[in-house]
Amino acid sequence: MNFLELAQTRRSLRTYLDKPVEREKLEYVLETARLAPSWKNMQCWRFIVVEDAAGRAALAETMGETNPGRKALTGAPIVIVLCAVPKESEIWEGKDFMMLDAGLAMEHLVLAATEQGLGTCWQGLFTEQKAREALQIPEDVRVLAMTPLGYAAEERRPRPRKAMSEIVFHGKWGRE
Ligand SMILES: Cc1cc2nc3c(=O)[nH]c(=O)nc-3n(C[C@H](O)[C@H](O)[C@H](O)COP(=O)(O)O)c2cc1C
């Protein structure tokens, strides 16, 4: 699978099989996150691997009842929680590079999971403080996102994307 095919294959998947993830695959996806680029190579990211059912249920409780991702956290055998240490990144000209750094690392993981035949789903809509309490995360660490990780029990059609002409400009801002 070349990189374009990988990007085309990835979906946000919210239902999972009751099937464990091989340790090598877990370590593989985490290794790709570890290798991500970051502001001044400060690597602000931290990942918490939550495999016990009680921990995953506690994380699901941090999400609104109508969030479609909620059931994914209890259904998948693993939840990966993306944290970041703000003092290991910087805000420069108002740009919070921590968010870019952590997002890059997480997307490495997500795409590596796709390559390994595993499903994921970015989750952003949760109450950060509840997630902190559930996993004993210190107050000075941000809890930015999470994803289920496992074998998906569903196939999904691709969601629509903007046309290339809407998002890519040449030479200067805007279309000719
Ligand atoms: C930062 C971020 C946060 C997201 N948060 C949630 C979420 O809380 N719940 C959910 O079900 N999906 C969530 N998603 C998944 C998006 O809804 C999904 O990526 C988008 O609809 C495109 O679909 P696709 O990923 O299948 O291409 C999130 C995605 C991103 C990148």
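Residues numbered from 1 in each chain as written. Predicted model: local features only at pLDDT ≥ 70, side-chain atom pairs only at ≥ 80, totals over all residues. Heavy atoms only, no water.

## Quick notes on the UniProt feature "domain: Nitroreductase" (unreviewed entry) in the chain
Now for step 1: The positions UniProt marks with the feature "domain: Nitroreductase" (unreviewed entry) are residues 8-68 and 70-151.
Now for step 2: Between the end C-alpha atoms of residues 8-68 the distance is 22 Å, and the span holds 36% helix and 10% strand.
Now for step 3: Counted over residues 70-151, helix gives 40% and strand 23%. Its end C-alpha atoms are 16 Å apart. (UniProt positions renumbered as here; feature names shortened; annotations may be inferred. Helix = DSSP H or I, 4+ residues; strand = E, 2+ residues; numbered from the N terminus.)

## Thoughts on the side chain of Asp-101
Now for step 1: Here Asp-101 lies in helix H5 (residues 97-115).
Now for step 2: No salt bridge is formed by the buried Asp-101; the nearest opposite charge belongs to Arg-46, separated by 10.0 Å.
Now for step 3: Excluding residues that lie within four positions of it along the chain, Asp-101 makes contacts with Ser-38, Trp-39, Cys-44, Trp-45 and Ser-89. (Buried < 20%, exposed > 50% of the residue type's maximum accessible area, 1.4 Å probe, protein only. Lys, Arg positive; Asp, Glu negative; His and termini not counted. Salt bridge = Lys/Arg side-chain N within 4 Å of Asp/Glu carboxyl O. Contact = heavy atoms within 4.5 Å.)

## Quick word on the site of the ligand
Now for step 1: Around the ligand sit 14 residues, and of these Arg-10, Ser-12, Arg-14, Gly-124 and Arg-161 come closest.
Now for step 2: Trp-122 is positioned with one of its backbone polar atoms (N or O) 3.1 Å from a nitrogen atom of the ligand.
Now for step 3: Considering the ligand on its own, with 620 Å² of exposed area, one finds that the protein chains cover 69% of that surface.
Now for step 4: Tallied by class, the residues present in the shell around the ligand amount to four nonpolar, five polar and five charged. (Near = heavy atom within 4 Å. Polar contact = N/O pair within 3.5 Å; in protein donor to acceptor, adjacent residues only side chain to side chain. Areas by Shrake-Rupley, 256 points an atom, 1.4 Å probe, with all protein chains shown as cover. Nonpolar A, V, L, I, M, F, W, Y, C, P; charged D, E, K, R; others polar.)

## Some remarks on the packing of helix H2 (residues 23-34) against H5
Now for step 1: Where H2 contacts H5, the axes come no closer than 7 Å and their chain directions differ by 145°. In this structure, the crossing between H2 and H5 has a hand that is right-handed. Residues Tyr-28, Val-29, Leu-30, Thr-32 and Ala-33 of H2 lie in contact with H5, whose contacting residues are Ala-105, His-108, Leu-109, Ala-112, Ala-113 and Glu-115.
Now for step 2: A class-by-class count of the residues in the contact of H2 with H5 yields eight nonpolar, two polar and one charged. (Axes fitted to C-alpha atoms, helices over the stretch in contact; angles between N-to-C directions. Left-handed = near helix turned anticlockwise from the far one by under 90°.)

## Quick word on the environment of Ala-145
Now for step 1: Examined against the element boundaries, Ala-145 turns out to sit in strand E5 (residues 142-149).
Now for step 2: Along the sequence, Ala-145 and Phe-47 sit 98 residues apart, while their C-alpha atoms lie 10.0 Å from each other.
Now for step 3: Each residue touching Ala-145, except ones within four places of it in the same chain, is listed here: Ile-80, Val-81, Leu-82, Met-106, Trp-122, Gln-123 and Phe-126.

## So, the pattern of salt bridges
Pairing between side chains of opposite charge can happen when their charged atoms approach one another.
Now for step 1: According to the stated counting rule, one finds nine salt bridges in the structure shown.
Now for step 2: With its nearest N and O atoms 4.0 Å apart, the salt bridge here joins Asp-140 to Lys-87. Taken together, the positions of Asp-140 in the loop between helix H6 (128-135) and E5 and Lys-87 in the loop between strand E2 (78-84) and strand E3 (91-92) put the pair 53 residues apart, joining distant regions of the chain.
Now for step 3: By relative accessible area, which is 48% here, Asp-140 ends up partly exposed.
Now for step 4: Within this structure, Glu-128, Arg-132 and Arg-142 form a network of salt bridges that share partners.

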